[in-house]
Amino acid sequence: MKYKSQKVAYWFFALCMLLFSLQIIYGFIMGFDRIGIQGLHEIIPFNVARAVHTNLLVVWLLTGFMGAAYYIIPEEAQRELISVKWAYVQLISLAIVGVVTIIGFHFNHWEGRKFLEIPRELDYLVVVNVLLFLFIILGTLFKGKRQTTTALVLSMGLLFAALLYIPGMIWFDSQVMDSFFRWWVVHLWVEGVWELIMGGILSFLLIKLTGVDREVIEKWLYVIVGLTFLSGVLGTGHHYYYIGVNKIWLIVGGIFSALEPLAFLAMALFAVNMYRKGEKSHPNKIALFWTIGSAIVSFVGAGLLGFAHTLPQTNLYTHGTLVTAMHAHYAFWGAYAMIVLAMISYALPNLTGRKRYQSAQGMMAFWLSNIGILGMTVAFGVAGVAQVYMERKMKMDFMVVQSEISIHFVVLLICATMFTTGIGLFIFDFIKYGRPTDEALEGTHDETLSFPEIKKGLNHASKKKNAFSEKIK
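Rules behind the numbers
- Residues numbered from 1 in each chain as written.
- Predicted model: local features only at pLDDT ≥ 70, side-chain atom pairs only at ≥ 80, totals over all residues.
- Heavy atoms only, no water.
- Helix = DSSP H or I, 4+ residues; strand = E, 2+ residues; numbered from the N terminus.
- Rg over C-alpha atoms; globule rule 2.2 N^0.38 Å.
- Buried < 20%, exposed > 50% of the residue type's maximum accessible area, 1.4 Å probe, protein only.
- Contact = heavy atoms within 4.5 Å.
- Areas by Shrake-Rupley, 256 points an atom, 1.4 Å probe, with all protein chains shown as cover.
- Expected span 1.5 Å × (residues − 1).
- Bend = angle between axes of the 7 residues up to and from the residue.
- Axes fitted to C-alpha atoms, helices over the stretch in contact; angles between N-to-C directions.
- Parallel < 35°, antiparallel > 145°, perpendicular 65-115°, else oblique.
- Nonpolar A, V, L, I, M, F, W, Y, C, P; charged D, E, K, R; others polar.
- Phe/Tyr/Trp six-rings, centres within 6.5 Å; stacked < 30°, edge-to-face > 60°.
- Core = buried A, V, L, I, M, F, W, Y, C linked by side-chain atoms within 4.5 Å.
- Salt bridge = Lys/Arg side-chain N within 4 Å of Asp/Glu carboxyl O.
- pLDDT = per-residue confidence, 0-100.
- Patch = residues over 30% accessible without salt bridge, like charges linked within 9 Å, V, L, I, M, F, W, Y side chains within 5 Å.
- Left-handed = near helix turned anticlockwise from the far one by under 90°.

## Quick look at the overall build of the protein
Thought 1: When its secondary structure is counted, the protein shows 16 helices and zero strands.
Thought 2: Against the globule reference of 23 Å for 473 residues, the protein gives a C-alpha radius of gyration of 23 Å, in line with a compact fold.
Thought 3: Along the first, second and third principal axes, the C-alpha atoms of the protein reach 95 × 45 × 40 Å.
Thought 4: Across the 473 residues in the protein, those meeting the buried criterion constitute 55%.
Thought 5: The long-range fraction of contacts in the protein, counting pairs at least 24 apart against all pairs at least 6 apart in sequence, stands at 84%.
Thought 6: A total of about 21,100 Å² of accessible surface is found on the protein, and carbon and sulfur atoms cover 69% of it.

## Some words on helix H12 (residues 322-352)
Thought 1: Under the 1.5 Å per step criterion, the end-to-end length of H12 is 42 Å for 31 residues, consistent within 8% with the ideal 45 Å.
Thought 2: Trp-333 marks where H12 bends most, by close to 40 degrees.
Thought 3: In terms of burial, H12 is a largely internal element, 27 of the 31 residues being buried.
Thought 4: In the stretch just after H12, Gly-353 is the one whose phi turns positive, near 80 degrees.

## Some points on the packing of helix H1 (residues 8-34) against helix H3 (residues 84-106)
Thought 1: Orientation of H1 relative to H3, taken along the N-to-C sense of each, is 10 degrees, at an axis distance of 10 Å. As judged from the angle between their axes, H1 and H3 are roughly parallel. Two secondary-structure elements touch here, H1 through Val-8, Trp-11, Phe-12, Leu-15 and Tyr-26 and H3 through Val-84, Ala-87, Tyr-88, Gln-90, Leu-91, Leu-94, Ala-95 and His-106.
Thought 2: Its residues placed into classes, the contact of H1 with H3 shows eleven nonpolar, two polar and no charged.

## Topic: the packing of aromatic side chains
Thought 1: Taken as a whole and assessed by the stated rule, the structure comprises 35 aromatic pairs.
Thought 2: Ring centres of Trp-220 and Phe-270 lie 5.7 Å apart, and the angle between their planes is 25 degrees; on these two criteria the pair is classed as stacked. With Trp-220 in helix H7 (residues 214-232) and Phe-270 in helix H9 (residues 261-277), the pair connects residues that are 50 residues apart, well separated along the chain.
Thought 3: Judged by its relative accessible area of 0%, Phe-270 is buried.

## Brief notes about the nonpolar core
Thought 1: Judged by nonpolar contacts, the single largest core of 146 residues is most densely connected at Tyr-70, Trp-194, Ile-201, Trp-333 and Met-343.
Thought 2: The dominant element in this core, judged by the number of residues it contributes, is H12, at 21 residues.
Thought 3: Beyond its immediate stretch of four places on either side in the chain, Trp-194 contacts Val-58, Leu-61, Leu-62, Phe-65, Ala-161, Trp-189, Phe-332 and Tyr-336.

## As for the side chain of Asp-178
Thought 1: Looking at where Asp-178 falls in the secondary structure, it is placed in helix H6 (residues 175-210).
Thought 2: Asp-178 gets classed as buried once you look at its relative accessible area, which sits at 10%.
Thought 3: Apart from the residues lying within four places of it in its own chain, the contact partners of Asp-178 are Arg-113 and Phe-172.

## Comments concerning the pattern of salt bridges
Thought 1: Enumeration over the complete set of coordinates arrives at twelve salt bridges.
Thought 2: The partner of Lys-2 in a salt bridge is Glu-75, and the shortest N-O contact between them spans 3.7 Å. Placement of the pair is Lys-2 in the segment before H1 and Glu-75 in helix H2 (residues 46-77), with a sequence separation of 73 residues. The exposure classification of Lys-2 matches that of Glu-75, with both residues buried.

## Thoughts on the confidence of the model for the protein
Thought 1: The share of residues in the protein with pLDDT of 70 or more is 93%, and the mean pLDDT across the chain is 89.
Thought 2: Every residue in residues 443-456 scores below 50 in pLDDT, and together they form 25 contacts with partners more than four places removed in sequence or on other chains.

## Examining H9
Thought 1: Compared with an ideal rise of 1.5 Å per residue, which puts 17 residues at 24 Å, H9 spans 24 Å between its outermost C-alpha atoms and is within 8% of the ideal.
Thought 2: Among all positions in H9, only Pro-261, Ala-263, Phe-264, Ala-266, Met-267, Ala-268, Phe-270, Ala-271 and Met-274 are buried.
Thought 3: Buried residues in H9 make contact with H6, H7, helix H8 (248-259), helix H10 (285-307) and H12.

## Overview of a nonpolar patch on the surface
Thought 1: Together, Tyr-242, Ile-248, Leu-250, Ile-251, Ile-255, Leu-316 and Tyr-317 give the surface a local cluster of nonpolar side chains, amounting to about 630 Å² of exposed area.
Thought 2: Secondary-structure elements contributing two or more residues to the nonpolar patch are H8 and helix H11 (312-318).
Thought 3: Here the nonpolar patch gets four residues from one element, more than from any other, and that element is H8.
Thought 4: Structurally, Tyr-242 is set in the loop between H7 and H8.
Thought 5: The exposure class of Tyr-242 is partly exposed, given its relative accessible area of 36%.

## Concerning the packing of H2 against H6
Thought 1: Two elements in contact, H2 and H6, have axes separated by 11 Å at closest approach and are oriented at 40 degrees. The pairing of H2 with H6 is recorded here as oblique in orientation. With respect to the hand of their crossing, H2 and H6 are arranged in left-handed fashion. In contact with Val-58, Leu-61, Leu-62, Phe-65, Ala-68, Tyr-71, Ile-72, Glu-75 and Glu-76 of H2, H6 contributes Trp-189, Trp-194, Ile-197, Ile-201, Phe-204 and Lys-208.
Thought 2: Here the contact of H2 with H6 is composed, by residue class, of twelve nonpolar, no polar and three charged.

## Digging into the side chain of Glu-218
Thought 1: Along the polypeptide, Glu-218 turns up in helix H7.
Thought 2: Ignoring any residue separated from it by four or fewer positions in sequence, one finds Glu-218 in contact with Thr-148, Thr-149, Thr-150, Ser-203 and Ile-207.

In C-alpha cells form, the structure reads like this:
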C-alpha cells in the first residue's frame, strides 16, 4: 500500500466477509425449508430468513464498496484520508445498525416493504452514516493532488446511491405510489448507480493488473456511464408493469429494458479488451481472474438473464416466480459480489505485505464458488420455468406447485454446498493473510508504473550500463 490510511479498508473487508457468511447461512435455512426440513421454522420463519438474507446482501456489498473506496481514493487522489478516526467511527456505527436491524427482523420489527424492510428510525442512522462516509471520501478526493476519471466515477456512483436512498424513506398512503418510488431505490441502485461503482472499481483494477495506459482504460468509462444512464433510468419501467400506473410504462419499460444489457456488454468487452492489450504479467492472477470473471458473469447474469424475462410479453408469465431468483442470484454474484472479491484479492497482499496469491486455496475458491453459483442458477431456472408452466398455464394451486418443484431445491442445495466451500476457502485465505501492517508501506510502490513503463525503464538502464562498460574498455 502507498498510504497508511488505506489500512481502514481491511476492516471494512473483514466486516464484509462476516456479513457474507451470515447471508449464506440464512440462504441454507430457506433452502432446507423449501424441501420440508423445517426444524428452525418456529424460531426463524421463512419470511424472516428471506428478509435477513436479502438485506444482508445489500449491506455486505455496500460495506465492500466502502472498503474499496477507502483503498482506491487515497491512491487516486495521492494523499492520505482526511480522517482515519472518523472512518473507524463510520465502520463501527455501520456494524451496529446492521446488528440491530437483523435482531429486529427476528422480532417482526420492520416496515414490511420488500428489500426496504429496515425500520424507519434506523433509516436516519443509515443516512448519517453514509453522509459521514461521503464527507471523508469526497473531502479526500478534492483535497488531493489529482482527480482522476476512475475516482470521479466511483465517487459519483457512491454519491448517487446515497441520494437515491431518500425516496425509499418517503411515506405514502397509496400502495401504488409507495411501489413507484420504492423502485427508485431498488432498481436505480442495482441497475443504475451501482454499475458506476462497479465501473470505477473495474477501471482501477484493470489499470493495476493489466498495465494498459490509464487514458485508454478511462475512455471506456465514459461509454459505460452513458449506457448506464441511457438504459438504467427508464429501464425502471419493467417494475411498473402491474402496479397500477399508466400503460405507457409497458412500452417504456420494454424498450429500455432491451437496452440494459448493453451497459454490461460494454463492461465485458472493456475488461477482456484491456486484458488482451496488457502485458498479462502481473503476479496476482487470482485478482485478475475475479476481475475479468466479474465483467463476463455480470453480462450473462444481469444482461442476458435479465433481458430474458423483462419484456412485457414474457414478464406477464414470469413475474413473481423463481425465474426472477435465477436472474437475481447470477446478476448480483457477477456484477457486484465478484468485483468486491476481486478488490479484496488485489488489496490484501498490498495491505499485509504477504504475497499469498499463488496459493491453491485462492484458485479453488474462485472455481468452486463460480461452478456452484452456476449450478444454483440452473436449478432456479428449471424450477422457475416449471413453476410458470404449472401455475400460469395449467392454473395449478400455488402450494401444490411448490411441492412439485421441491426436488429442484435438492439440486440447488448440493450446488450451494459447493459454492459455500469456495467462499469458505476465500475467507480462510483472508484470515491467513493476517492484519495489515506498516511494513507493507514499502514494496508496493512499483505499481505506480505500468508494466510497459517498467520494461522500457529497465531496457533503458541496460543500454546505459552497456554504453558505460564500453567507455571503460
